[in-house]
Amino acid sequence: MSEKRRIIFHVAMDHFFTAVEEREHPQYKGKPVIVGADPKKGKGFVSTCSYEARNFGVRSGMSISKAWKLCPKAIYLPVNYELYTKVSDEIMDILRKHADKFEQLDIAEAFLDVTSKVKDHAEAEALARQMKREIYERERLTCSISIGPSKLVAKIASDFKKPNGLTVVKEEEAKGFLAPLPVHKLISIGRETEQKLKSIGIKTIGHLANYDPNVLTQVLGSWGTLLYLMALGIDSSEVGEKSQTKSISREITFEKGMSNFEFIQKALDRLSEEVHRDILRQNLFFKTVTVRFRYENLGTRTHSKTLFYVTNRLQDLKKMAKELMRVYLRSDNKVRLVGVKVSNFISTEKQKH
DNA sequence: TCTGGGGTCCTAGGACCC
DNA sequence: TCTGGGGTCCTAGGACCC
């Protein structure tokens, strides 16, 4: 008996933040809209931009000052997370009810396993269209859906037709579909790995798929094998709800390097308070505290300490952060960034047992 | 080219236990 | 005391993602 082929959807809302803003303010439609940091302050990033803004060369992730240079006439808006989260929750509810298994990736993206809901690709396409229709009717927003045999293929395919796109890649087409694409399209291949692969002559996913996996392992360590499988389109990872929170952190970058001990201490206190609020909200108890310093000349250092008990108390967090700072902070170098992180959680759920 | 901030996962050595 | 092997936890750093 052969395993039933999986049918996986990747759903991505089209330029989500600006689309919501345009819906709320119809007068913005057809104009370049940029959601992100305040360009007057010159610091920070473009979070999302409309297609009209993209025509000026603006991209998400770009520094806001660069966006300002490219398109000073654009409508610049701050990020209204509360609103976007509310809209996102509604959309995710629509998607969830069509899926056997559901996994939200971020505020605007999700994976669905719909294997038992459809009997072939024609039905899968019809389902995708129906979902698009429901989302549009309820929220007046469009999305792009890609259908694939795995999360890997569906996610990569979602770049192909945007906005309001629908892309299908069948299992037998997966290898050929991936082959001509550059390796960085594979998730977890960034700058570093791309360079390493380039140095042994690998530029496309097809090159990777035809390479000797032994050599890949020598160059990249144990996950060379994993990459090789990905290049062949093989990905058996399941669609599933996100696992529990592993860490909570806050950090802040100063305008200039600081050496004033008290100033840094105060910043750490404030960050600890913010982290603590999150801990209470999520009902978590932590064991490990990490502080992070970015120095002007030394790069970034992290220092952590693990308690032999769990706690959720602000005073414990502040005390540990302060201790780590006392022991490790280099007084001979100016600090550009400080951060506080807690991890090693025990949830209250588990504690009941 | 390092612009910010929030995460996840992996590696590797050392401590410690059996 | 170091002879092996295996496992887990702690700490630090790095790559990568959105």
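Residues numbered from 1 in each chain as written. Chains lettered and ligands numbered in written order. Predicted model: local features only at pLDDT ≥ 70, side-chain atom pairs only at ≥ 80, totals over all residues. Heavy atoms only, no water.

**Topic: the nonpolar core**
Line of reasoning, step 1. Core analysis: the biggest nonpolar cluster contains 36 residues, and F9, F16, L95, L112 and I145 have the highest contact counts within it.
Line of reasoning, step 2. Going through the elements one at a time, β1 (8-13), α1 (16-24), β2 (33-36), β4 (75-77), α4 (81-96), β6 (109-113), α5 (121-139) and β7 (143-148) are the ones with two or more residues in this core.
Line of reasoning, step 3. Broken down by element, the residue count for this core peaks at six residues, all from α4.
Line of reasoning, step 4. The residue makeup of this core includes at least three contributed by each of domain 1 (8-14 + 82-172) and domain 2 (16-80).
Line of reasoning, step 5. Look past the residues within four positions of F16 in its chain and what remains in contact with it is T48, Y84, V87, S88, I91, I107, A108 and L141. (Core = buried A, V, L, I, M, F, W, Y, C linked by side-chain atoms within 4.5 Å. Buried < 20%, exposed > 50% of the residue type's maximum accessible area, 1.4 Å probe, protein only. Helix = DSSP H or I, 4+ residues; strand = E, 2+ residues; numbered from the N terminus. Domains from an automatic or database assignment. Contact = heavy atoms within 4.5 Å.)

**Observations concerning the protein's contact with DNA strand B**
Line of reasoning, step 1. Taken together, 14 residues sit near DNA strand B, with S222, S247, S249, E251 and T253 positioned nearest.
Line of reasoning, step 2. A share of 63% is what sugar and phosphate atoms reach among the atoms of DNA strand B within 4 Å of the protein.
Line of reasoning, step 3. K246 has a polar backbone atom sitting 2.8 Å from a phosphate oxygen of DNA strand B.
Line of reasoning, step 4. With respect to DNA strand B, the side chain of S247 contributes an N or O atom lying 2.6 Å from a phosphate oxygen.
Line of reasoning, step 5. If one sorts the elements of the surface near DNA strand B by residue count, strand β9 (residues 247-258) sits on top with seven residues.
Line of reasoning, step 6. Class assignment for the residues of the surface near DNA strand B results in three nonpolar, six polar and five charged. (Near = heavy atom within 4 Å. Polar contact = N/O pair within 3.5 Å; in protein donor to acceptor, adjacent residues only side chain to side chain. Nonpolar A, V, L, I, M, F, W, Y, C, P; charged D, E, K, R; others polar.)

**Thoughts on the pairing of strand β12 (residues 335-343)**
Line of reasoning, step 1. In terms of burial, β12 is largely enclosed, as seven of its nine residues are buried.
Line of reasoning, step 2. Two strands pair when backbone bridges link them, and strand β10 (residues 284-295) and β12 are joined in this way by eight bridges, in the antiparallel orientation. Among the inter-strand pairings, V291 is bridged to a residue of β12, identified as V340. (Pairing = 2+ DSSP bridges.)

**Description of the side chain of H303**
Line of reasoning, step 1. Mapped onto the elements, H303 comes out in strand β11 (residues 299-311).
Line of reasoning, step 2. With a relative accessible area of 14%, H303 lands in the buried category.
Line of reasoning, step 3. With near-sequence residues (within four places) excluded, H303 lies in contact with V289, T290, V291, F293, L324 and Y328.

**Some remarks on the packing of α1 against α4**
Line of reasoning, step 1. In contact at an axis separation of 10 Å, α1 and α4 are set at 100° when each is read in the N-to-C sense. On the basis of the axis angle, α1 is roughly perpendicular to α4. When α1 is examined against α4, the residues F16, F17, V20, E21, R23 and E24 are found in contact with a partner set consisting of Y81, L83, Y84, V87, S88 and I91.
Line of reasoning, step 2. Classifying every residue of the contact of α1 with α4 gives eight nonpolar, one polar and three charged. (Axes fitted to C-alpha atoms, helices over the stretch in contact; angles between N-to-C directions. Parallel < 35°, antiparallel > 145°, perpendicular 65-115°, else oblique.)

**With respect to the pattern of salt bridges**
Line of reasoning, step 1. Using the criterion set out here, one finds 22 salt bridges in the structure.
Line of reasoning, step 2. The salt bridge partner of K101 is E238, with a shortest N-O separation of 2.5 Å. Here K101 is found in strand β5 (residues 101-106), whereas its partner E238 is found in the loop between α11 (223-231) and β9, with 137 residues between them in sequence.
Line of reasoning, step 3. With a relative accessible area of 44%, E238 lands in the partly exposed category.
Line of reasoning, step 4. Where E103 meets K151, a salt bridge forms, and the shortest distance between an N and an O atom there is 2.9 Å. Here E103 is found in strand β5, whereas its partner K151 is found in helix α6 (residues 151-157), with 48 residues between them in sequence.
Line of reasoning, step 5. Salt bridges here are not isolated pairs; linked through shared partners, they connect R250, E274, D278 and R281. (Salt bridge = Lys/Arg side-chain N within 4 Å of Asp/Glu carboxyl O.)

**A closer look at the sheet that holds β6**
Line of reasoning, step 1. The strand order β5-β6-β1-β7-β8 describes an open sheet built from five strands, whose pairing is mixed. Every other strand in the sheet has two partners, leaving β5 and β8 (166-168) as the edge strands with one partner each. Each strand axis lies, on average, 15° off the axis of its neighbour in the sheet, ignoring direction.
Line of reasoning, step 2. Bridge count between β1 and β6: five bridges; the pairing is antiparallel. Looking at β6, one finds that V11 is bridged to A110.
Line of reasoning, step 3. Packing against the sheet, α4 makes contact with β1, β5 and β6, and its axis sits at approximately 155° to β5.
Line of reasoning, step 4. Contacting β1, β6, β7 and β8, α5 runs over the sheet at an angle of about 160° to β7.

**Observations concerning the protein's contact with DNA strand C**
Line of reasoning, step 1. In the region of DNA strand C, 17 residues are neighbours, and D106, T193, T302, S304 and T306 sit closest.
Line of reasoning, step 2. When atoms of DNA strand C within 4 Å of the protein are split into backbone and base, the sugar-phosphate part holds 100%.
Line of reasoning, step 3. Taking T306, its side chain carries an N or O atom lying 2.3 Å from a phosphate oxygen of DNA strand C.
Line of reasoning, step 4. Secondary-structure elements contributing two or more residues to the surface near DNA strand C are α8 (191-199) and β11.
Line of reasoning, step 5. The leading source of residues in the surface near DNA strand C is β11, at six residues.
Line of reasoning, step 6. Counted by class, the surface near DNA strand C contains two nonpolar, eight polar and seven charged residues.

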